[in-house]
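Geometric and topological summary
Take a look at the letters that make up each chain.
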Amino acid sequence: MMFRIDWKNLQACTLAGVIALAGGLLVLPPQTAYAQAVAAARGLPDFTDLVDQVGPSVVNIRTLEKASDRPAPGTMDEEMLEFFRRFGVPVPNMPRQQAPQRPRQQEEQPRGVGSGFILTSDGYVMTNHHVVEGADEVIVTLTDKREFKARIVGSDKRTDVAVVKIEATGLPAVKVGDVNRLRVGEWVMAIGSPFGLDNSVTAGIVSAKQRDTGDYLPFIQTDVAINPGNSGGPLINMRGEVVGINSQIYSRSGGFMGISFAIPMDEAIRVSEQLRATGRVSRGRIGVQIEPVAKDVAESIGLGKPQGALVRGVEAGSPADTAGVEAGDVITRFDGKAVEKVADLPRLVGNTKPGTKSTITVFRRGATRDLAITIAEVEPDDKPVAKAAERDAGKAKPSPAAQQVGLSVAELTDAQKKELKIKGGVRVVAVAEAAARAGLRENDVILAIANTEIGSVKEFDAVLAKADKTKPVNVLFRRGEWAQYALIRPAR
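Here's a quick rundown of the structure. (Residues numbered from 1 in each chain as written. Predicted model: local features only at pLDDT ≥ 70, side-chain atom pairs only at ≥ 80, totals over all residues. Heavy atoms only, no water.)

**Things to note about the overall build of the chain**
Per the secondary structure count, the chain includes 14 helices and 29 strands. Relative to its full complement of 492 residues, the chain shows a buried share of 43%. Long-range contacts, defined as pairs at least 24 residues apart, comprise 59% of the intrachain contacts of the chain with a sequence gap of at least 6. About 26,500 Å² of surface is accessible on the chain, with carbon and sulfur atoms providing 52% of the total. (Helix = DSSP H or I, 4+ residues; strand = E, 2+ residues; numbered from the N terminus. Buried < 20%, exposed > 50% of the residue type's maximum accessible area, 1.4 Å probe, protein only. Contact = heavy atoms within 4.5 Å. Areas by Shrake-Rupley, 256 points an atom, 1.4 Å probe, with all protein chains shown as cover.)

**Some remarks on the pairing of strand β13 (residues 234-237)**
Of the two faces of β13, the one holding P234 and I236 and the one holding L235 and N237 are both buried throughout. The pairing of β13 with strand β14 (residues 241-249) spans three bridges and is antiparallel. Opposite I236, over in β14, you have V242 as the bridge partner. The turn linking β13 back onto β14 is made up of three residues, and G240 within it adopts a positive phi angle of 80°. (Pairing = 2+ DSSP bridges.)

**With respect to the packing of aromatic side chains**
Applying the stated rule across the entire model yields two aromatic pairs. Above the face of the Y124 ring, K165 is positioned so that its terminal group lies 5.4 Å from the ring centre. Its end group placed over the ring of Y124, R276 keeps NZ or CZ at 4.1 Å from the ring centre. (Phe/Tyr/Trp six-rings, centres within 6.5 Å; stacked < 30°, edge-to-face > 60°. Lys NZ or Arg CZ within 6 Å of the ring centre and 35° of its normal.)

**Observations concerning the side chain of S57**
Along the chain, S57 falls in the loop between α3 (48-54) and β3 (58-67). Setting aside residues no more than four positions away along its own chain, S57 makes contact with G116, F117, I118, P172, A173 and V174.

**Quick word on the pattern of salt bridges**
What the rule picks out here adds up to 16 salt bridges. Of the charged contacts in the structure, one is a salt bridge between K165 and E167, with a shortest N-O distance of 3.9 Å. Classification of K165 by relative accessible area gives buried; the value is 10%. Across the salt bridge formed by R364 and D329, the nearest N and O atoms sit 2.7 Å from each other. Separated by 35 residues along the polypeptide, R364 in strand β21 (residues 357-364) and D329 in the loop between α8 (319-323) and β19 (330-334) bring together distant segments of the chain. For D329, a relative accessible area of 1% translates into the label buried. Linked by salt bridges that have partners in common, E326, D329, R364 and R365 make up one network. (Salt bridge = Lys/Arg side-chain N within 4 Å of Asp/Glu carboxyl O.)

**Side note on empty space enclosed by the protein**
Applying the stated criterion across every chain yields a total of one cavity of 30 Å³ or more. Looking at the largest cavity, its volume works out to about 70 Å³. If you trace the largest cavity, you find it lined by V58, V59, N60, T141, L142, T143, K145, G192, S193, D198 and N199. By residue number, the principal contributor to the lining of the largest cavity is β3, which donates three residues. Residues belonging to the lining of the largest cavity are distributed by class as follows: three nonpolar, six polar and two charged. (1 Å grid on protein atoms, 1.4 Å probe; cavity = no way out; pocket = protein on both sides within 12 Å on 5 of 7 lines; lining within 4 Å. Points joined across faces, edges and corners; volume = space filled by probe spheres on them. Nonpolar A, V, L, I, M, F, W, Y, C, P; charged D, E, K, R; others polar.)

**Re the nonpolar core**
By size, the foremost hydrophobic cluster in this structure holds 37 residues, and its most contacted members are F117, I245 and M265. Counting residues in each nonpolar core, the second largest holds 23 residues, with V409, F460, F477 and I488 among its members. (Core = buried A, V, L, I, M, F, W, Y, C linked by side-chain atoms within 4.5 Å.)

**Thoughts on helix α6 (residues 265-278)**
If you check α6, its first and last C-alpha atoms are 20 Å apart, about what 14 residues at 1.5 Å a residue would give, namely 20 Å. Those residues of α6 lying buried are M265, E267, A268, V271, S272 and L275. Viewed along the axis of α6, the buried residues span an arc of 145°, placing them on a single side of the element. Pointing more than 90 degrees away from the buried face of α6 are the exposed residues E273, A277 and T278. Just beyond α6, the residue with positive phi is G279, at close to 85°. (Expected span 1.5 Å × (residues − 1). Arc of directions from axis to C-beta.)

**Details of the pairing of strand β7 (residues 147-156)**
Looking at chain direction, strand β6 (residues 137-141) and β7 are connected through four bridges and run antiparallel. Bridge assignment links I139 to a residue of β7, and that residue is K149. Taking the residues that link successive antiparallel strands as the turn, the β6-β7 hairpin has five residues, and the phi of K145 there is positive, at about 75°. Across five bridges, the pairing between β7 and strand β8 (residues 161-165) is antiparallel. Bridge pairing in β8 places S155 opposite A162. Connecting the antiparallel pair β7 and β8 is a turn made up of four residues, with D160 showing a positive phi of about 60°.

**A word on the side chain of S115**
Mapped onto the secondary structure, S115 falls in strand β4 (residues 107-118). Since its relative accessible area comes to 0%, S115 is described here as buried. At a separation of 2.9 Å, a polar atom in the side chain of S115 contacts the main-chain amide nitrogen of S193. A polar side-chain atom of S115 sits 2.6 Å from the main-chain carbonyl oxygen of G229. With near-sequence residues (within four places) excluded, S115 lies in contact with V59, I61, T127, G192, S193, G229, N230, S231, G232 and G233. (Polar contact = N/O pair within 3.5 Å; in protein donor to acceptor, adjacent residues only side chain to side chain.)

See the structure below:
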C-alpha cells in the first residue's frame with residue numbers, strides 16, 4: 001500500500017493538523033489540533049510562575065573595599081615597572097606615570113558582584129563566603145531597587161556559605177526544599193546576576209548528587225548556566241523551593257561549560273544556623289589521616305568490597321588515639337551511619353558537635369569492633385598560625401628598618417615551606433603604618449623585597465636596611481595560593 005502526502009496542505013498543518021494515513025489524509029479540525037498541541041506542550045517545564053514566585057526573594061550583592069595611596073588608573077610607578085621586569089612578569093598595557101600624583105584620600109573601590117537570597121523576612125540574606133570575603137562594605141539591592149548596607153553576620157570558608165543582615169522587615173523569604181527529594185534528571189532553575197546582569201534566569205536539570213569536590217560538601221551538579229556573578233544565588237526546584245546555593249563551575253575557559261555545582265540547602269542551613277547563633281561554625285574532629293580503600297586492599301584484608309576510610313595515621317593524644325584507633329584500621333561506620341567512601345567520614349564527624357560521645361566501627365584484622373570516642377573541635381583555619389605569630393612576635397622585636405615600614409616578620413618552618421611549596425620567605429606577624437596602607441596583612445608570606453628574593457628574617461632585615469627610605473619599596477608576597485605585588489610608600 002502506498003502512502004500519499006498532500007504537499008499543498010502541508011502549510012496548513014499548524015492550523016488544521018494533518019495526519020498522513022495509509023490510503024489517504026485525515027484532516028483534524030483546528031480546535032482539535034490546538035488541543036493536541038497544548039497537551040504535548042504540557043510535558044515541557046514552564047518557569048514563568050516560578051520566576052514570579054521566587055524572583056522577588058533574589059538579591060544582588062555588591063561589595064566595596066577601601067583603597068588608599070594607590071596609583072591612579074592608567075599609571076604605574078617606575079619602581080613597580082622594574083619590579084615586573086625583575087621577576088619576569090608581563091607588564092600590563094599601561095602608560096608610565098608622567099607626573100607626580102597628588103595625595104589621595106581613602107575611597108571605596110568596587111570589589112565584586114554576586115547574588116544572594118532572602119532567608120528570613122526580617123532581613124537575613126544567604127550568599128557565598130567568597131562573595132563577601134575581604135569586603136569592607138556589602139550593599140544588597142532588592143528587585144524593587146531598594147538598597148541596603150548589610151552587616152556580615154558570619155562567613156564559613158570551608159562550606160563557602162555566608163549570612164549577611166539588612167535592616168528591613170516584611171521581606172519575601174524563600175521556601176527551603178528537601179534536598180533528599182531531589183532527583184537526578186529533575187528540572188531546576190537559577191536566578192542571579194551573571195556579569196552584573198541582575199535577575200537573570202537560567203534553567204537545566206540535576207546532573208548528579210553527592211558529587212565529591214570538597215571535604216565537607218556533597219555538591220549538587222547541574223547543567224544550569226552559571227557564570228561569574230551567579231555565585232550565592234538560589235537553585236530552585238519546580239515547586240518553587242530553594243534546594244541549593246550556586247557556588248562553583250567546572251571550566252577551562254573561565255566561562256560556563258555545562259557543569260555547575262550548588263551547595264545542598266540542608267548543609268547550608270546547618271551552617272547558617274551556627275553563623276546566626278555564634279558568628280562562626282564549630283566542627284568535630286577525631287584526629288586521623290585517611291585515604292580510600294582500594295579494591296585489592298579490601299579483598300586482601302577480608303573486607304570484601306572497597307568501602308570505608310582507611311586510617312593511615314593517628315594523631316598522638318587525639319580522640320582517635322584515646323579511643324584506640326590504629327593505623328591500618330578501616331572505619332566503616334560512625335554513630336551507626338555507614339561510611340561508604342572516604343569523603344563520608346569528614347562530613348559525618350564535622351557535622352557532629354564537639355564534646356559529643358560517639359561510636360565508630362572499625363574493621364581490623366578480619367573482625368569489626370566498636371570504639372567509644374569523644375569528638376574534639378576543629379581549630380579555626382587561622383588559629384594555629386595566629387598562635388605561632390604570637391609566639392614569634394614575643395621572641396624577637398622587629399628591626400629598626402622593619403619598624404619604619406610597619407612590619408614584623410617571622411621565620412617559616414620547614415613544614416610551612418613544604419605546604420606552600422616554596423624554598424624561602426618570611427611570614428608577616430604584624431602590620432601597621434605604611435605596610436598596612438600598602439595592603440599587607442598578618443600571615444602573608446613575603447617572598448621578595450626591593451627586587452631581592454629573601455629566605456630568612458636576617459636577609460629580610462639586611463635588604464630592607466639598605467633600601468632607599470625616601471622611595472617606595474616593592475614587595476612580592478603570597479596570600480593563600482596567589483602571589484601579589486605591593487608598594488610600601490614612605491610616610492609623607
